[in-house]
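Here is what each chain is made of, one letter per residue.
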Amino acid sequence: TRRSSDLIVDNCSTDGTSEYLDDLKKQHNEIIVVHNSENVGGAGGFSVGVEIAAKETPDNWLFLADDDAFPDENMLQELKNSYANLDNKEEICVLCTSVINYEKIDFAHRRRVKKTQHGVISYEVPENEYNKPFYLDEASFVGFAIRASLIKNIGLPIKSFFIYYDDTEYSLRVTKYGKILCIPTAKMHHNVKSRDVGVSWRDYYSVRNYLYMLDKHYDKKY
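Let me begin by describing the structure that accompanies this report. Model, not experiment: these values are computed from the prediction.

**A word on the side chain of serine 47**
Right, so step 1: Checked against the element boundaries, serine 47 lands in helix H2 (residues 41-56).
Right, so step 2: The class for serine 47 is buried, based on a relative accessible area of 5%.
Right, so step 3: Excluding residues that lie within four positions of it along the chain, serine 47 makes contacts with Leu156, Pro157 and Lys159.

Here is the structure:
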């Protein structure tokens, strides 16, 4: 198996990206490029990527990121150093970064879950906890490092989700086996603007996937 590689999933692009990636691979043999024959959405792309990467490096960690996210120069080193100093390494299944949106923390990417008499509540980890590592329940795939050995237990991200909640649902599976730890000093930048208000095709997947996730992971009384 390979020691480490960069794996890029080309989700059936039609804008010249496919050709660009093939040229890039010729220059860098360590890069793995996968061309999907159809657009399977962000969820499908992550599912394909995780499956291949787990086979390539089964004893390593897999680092996931969106194609429009970029790291601080020392991001991976921050994760590595923080993990090396942990006393409970065997309990940690996922290490994640903080997410920075135009120089400000995007709290929506790192959340916790609690059950109340009125139902399940998902809430953002407050800013005052970002001064040191903290545990959480839900993490987006923007800066998400997972043990490859865990994949055989929890499976792959749900490809049919297409978009939205694939990472949230995956996080909830992770927490059944171990802990998710955020290292705030490790930073991924994800500069996105708020989506225009209005109904679109995306909302179908958002509502459908959210309801599926609740049904799968929580008691029916919630």
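**Observations regarding the nonpolar core**
Right, so step 1: By size, the foremost hydrophobic cluster in this structure holds 26 residues, and its most contacted members are Leu62, Leu64, Leu136, Phe144, Ile146, Tyr170 and Val174.
Right, so step 2: Looking at this core, the elements with two or more residues in it are H2, strand E3 (61-64), strand E5 (92-101), strand E9 (134-136), strand E11 (144-147), helix H4 (151-154), helix H5 (166-174) and strand E12 (179-189).
Right, so step 3: If one sorts the elements of this core by residue count, H2 sits on top with four residues.
Right, so step 4: What leucine 136 contacts, discounting residues up to four positions off in sequence, is Cys96, Arg110, Arg111, Arg112, Val125, Thr175, Ile180, Leu181 and Cys182.
Right, so step 5: Judged by nonpolar contacts, the second largest core, of 14 residues, contains Leu79, Ile92, Leu181 and Met188.

**Comments concerning a negative patch on the surface**
Right, so step 1: Together, Asp15, Glu19, Asp22 and Asp23 give the surface a local cluster of negative charge.
Right, so step 2: Along the chain, aspartate 15 turns up in the loop between strand E1 (6-10) and helix H1 (17-27).

About the criteria used
- Residues numbered from 1 in each chain as written.
- Predicted model: local features only at pLDDT ≥ 70, side-chain atom pairs only at ≥ 80, totals over all residues.
- Heavy atoms only, no water.
- Helix = DSSP H or I, 4+ residues; strand = E, 2+ residues; numbered from the N terminus.
- Buried < 20%, exposed > 50% of the residue type's maximum accessible area, 1.4 Å probe, protein only.
- Contact = heavy atoms within 4.5 Å.
- Core = buried A, V, L, I, M, F, W, Y, C linked by side-chain atoms within 4.5 Å.
- Patch = residues over 30% accessible without salt bridge, like charges linked within 9 Å, V, L, I, M, F, W, Y side chains within 5 Å.
- Areas by Shrake-Rupley, 256 points an atom, 1.4 Å probe, with all protein chains shown as cover.
- Salt bridge = Lys/Arg side-chain N within 4 Å of Asp/Glu carboxyl O.
- Lys, Arg positive; Asp, Glu negative; His and termini not counted.
- Charge placed at Lys NZ, Arg CZ, Asp CG, Glu CD.

So, to be careful, I would describe these as geometric facts and stop short of saying anything about function.
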